[in-house]
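The primary structure of each chain is shown beneath.
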Amino acid sequence: VQGDGKSFISEMMQAVMGLDNVRTMNAKTLARDFTGWAAGQCMTFIEELKLDNYKKYEVLNNLKPYISNSVVEIERKGKDQQVVMNTTNYFSLTNYKDCLPIDDCDRRYAILFSQWQTSEKLEAFIKTNPHYYSSLYADMQNNPGELLDWLSTHEIQQSFKDIKRAPKTSAKTKMLELNKSDGHLLVEDAISEFDCFDINDRVINITKLTKSVEIEWDKSERESFPKAGALKHILNAMGYHLMGTIKDAQKKNNRIYAKDDNFKTADYRALELSDDDMFG
């Protein structure tokens, strides 16, 4: 919610590390052609992040190397492209729960929601604690040295350092749900409804799934179900990848998607045999 003190964190880090080391940036800058903003500081706070226009996936993809690579290519207006050391850590602030069009495969973003999700609850807190925010900001502005000392000596556990991807928080799960298209939700419904040995959360016979939808669903649902190109994109966003084709009993090709990149035809046959054994 607006007014819950999101800007406090960026102001605190500027006080602790100095203005030259901590930058604030408007999210609109991310969509521009020049990328000089990616060099010259230790932290960048992106304010009012909301990627929802026609370039949102392009912007999200363009951001990837700046988040995870040790060196990056930047281009300043009127100057040649340049490769520089990547010294920047990014912290984004937003009032929107669906600000990033991320999917289940994302490993870069740790999503956290504020405890204040309605203006009514925030107003009730301020009414009970009228001096909270003024005291908080005053303490931060008057004692940057103490904050620097605490941050410098704070020990980060090795178990946290060993994590190779951003944690999947409850807030991230919520953001994933909010970013799902109607087509995505229909595919999830179909997988759940027609669950079997080759339609589940590990492997999908997309030919069989599509045929089941055509036979079992009513006309409006059938017409809304994603077509080939959109369906492939949704499956990839869900973590499934095309593994190849399998011939069914009628010698017809069936396209198989799986989440395990090492999934092979023999694995599918093993699943098929175990299914036959189970149901006679």
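For the structure itself, look to the data block above.
Now for a look at the structure at hand.

### Things to note about the layout of surface pockets
Now for step 1: The computed volume of the second largest pocket comes to approximately 560 Å³.
Now for step 2: Lining the second largest pocket are 22 residues, and of these Tyr57, Pro101, Ile102, Asp103 and Ala237 sit closest to its centre.
Now for step 3: Listing elements by their share of the lining of the second largest pocket, those giving two or more residues are helix 2 (56-68) and helix 11 (228-237).
Now for step 4: For the lining of the second largest pocket, a count of residues per class yields 9 nonpolar, 6 polar and 7 charged.

### Description of the pattern of salt bridges
When their charged atoms lie close together, side chains carrying opposite charge are able to pair.
Now for step 1: Here the structure, examined in full by the defined rule, presents 6 salt bridges.
Now for step 2: Taking the shortest distance from any N to any O, the salt bridge between Lys6 and Asp4 comes out at 3.4 Å.
Now for step 3: Owing to a relative accessible area of 10%, Asp4 belongs among the buried residues under this scheme.

### Section: the nonpolar core
Now for step 1: Leu30, Trp37, Leu49, Leu100, Ile102, Tyr109 and Ile111 are the most contacted members of the largest nonpolar core, which has 24 residues in total.
Now for step 2: Every element with two or more residues in this core is listed here: helix 2, strand 3 (71-74) and helix 7 (170-178).
Now for step 3: Top element by residues in this core is helix 2. It accounts for 4 residues.
Now for step 4: Once you skip the residues sitting within four places of it in the chain, Leu30 turns out to touch Met25, Trp37, Ile46, Leu49, Val59 and Leu63.

### Here we look at the environment of Val84
Now for step 1: Relative to the elements of secondary structure, Val84 occurs in strand 4 (residues 82-85).
Now for step 2: Each C-alpha atom of the pair Val84 and Asp189 lies 46 Å from the other, and the pair is 105 residues apart in sequence.
Now for step 3: With sequence-adjacent residues up to four places away left out, Val84 is seen in contact with Ala39, Ser70, Val71, Val72 and Ile74.

### Topic: the packing of aromatic side chains
Now for step 1: All told, the structure shown has 9 aromatic pairs when counted by the stated rule.
Now for step 2: Centre to centre, the rings of Phe194 and Trp217 are 6.3 Å apart; their planes meet at 35°, and the pair counts as tilted. Of this pair, Phe194 sits in the loop between helix 8 (182-193) and strand 6 (203-205) while Trp217 sits in the loop between helix 9 (206-216) and helix 10 (219-224), and the two are 23 residues apart along the sequence. Comparing Phe194 with Trp217 shows no difference in burial state: the two are buried.
Now for step 3: Here the aromatic rings of Trp217 and Phe225 are separated by 5.8 Å at their centres, their planes lie at 85°, and the arrangement is edge-to-face.

### Here we look at unusual backbone geometry
Now for step 1: The phi dihedral of Glu48 falls on the positive side, at around 55°, and the residue is not glycine.
Now for step 2: With respect to the element layout, Glu48 can be found in the loop between strand 2 (43-47) and helix 2.
Now for step 3: Although it is not a glycine, Lys251 sits at a positive phi angle of roughly 65°.
Now for step 4: Tracing the backbone shows Lys251 in the loop between strand 7 (241-247) and strand 8 (253-258).

### A few points about the packing of helix 8 against helix 11
Now for step 1: The contact between helix 8 and helix 11 brings their axes to 10 Å, and the two run at 75°. Between helix 8 and helix 11, the interaxial angle falls into the category roughly perpendicular. Contacts from Gly183, His184 and Val187 in helix 8 reach Leu231, Ile234 and Leu235 in helix 11.
Now for step 2: Split into classes, the residues belonging to the contact of helix 8 with helix 11 amount to 4 nonpolar, 2 polar and no charged.

The rules behind the values
Each chain has its residues counted from 1, following the order in which its sequence is written. Under the rules for a predicted model, residues below a pLDDT of 70 receive no local features and side-chain atom pairs below 80 are neither given nor counted, while totals for whole chains, interfaces and linings still include all residues. Computation of side-chain values: all heavy atoms of the structure, hydrogens and water removed. As defined here, a cavity is a set of points on a 1 Å grid over the protein atoms alone where a 1.4 Å probe fits but cannot get out. A pocket is an open set with protein on both sides within 12 Å along at least five of seven lines, and residues line them when an atom is within 4 Å of a point. Grid points are joined across faces, edges and corners, and a volume is the space filled by probe spheres set on the points. Helical segments are the DSSP runs of H or I of at least four residues, strand segments are the runs of E of at least two, and each set is numbered from the N terminus. For this classification, Asp, Glu, Lys and Arg are treated as charged, while Ala, Val, Leu, Ile, Met, Phe, Trp, Tyr, Cys and Pro are nonpolar and the rest, including Gly, are polar. One side-chain nitrogen of Lys or Arg within 4 Å of one carboxyl oxygen of Asp or Glu is enough to make a salt bridge. Throughout this description, buried means an accessible area under 20% of the type-specific maximum (1.4 Å probe, protein chains only), exposed means over 50%, and partly exposed covers the range between. Here, nonpolar core refers to any group of buried Ala, Val, Leu, Ile, Met, Phe, Trp, Tyr and Cys residues whose side-chain atoms link them within 4.5 Å. Any two residues whose heavy atoms approach within 4.5 Å at even a single point are treated as in contact. Within 6.5 Å between ring centres, the rings of Phe, Tyr and Trp (the latter by its six-membered ring) count as paired, and their orientation is classed by plane angle as stacked under 30 degrees, edge-to-face over 60, tilted in between. Inter-axis angles, ranging from 0 to 180 degrees, are taken between N-to-C directions of lines fitted to C-alpha atoms, where helices are fitted over the stretch in contact. Under this scheme an angle from 65 to 115 degrees is roughly perpendicular, one under 35 degrees roughly parallel, and one over 145 degrees roughly antiparallel; angles in between are oblique.

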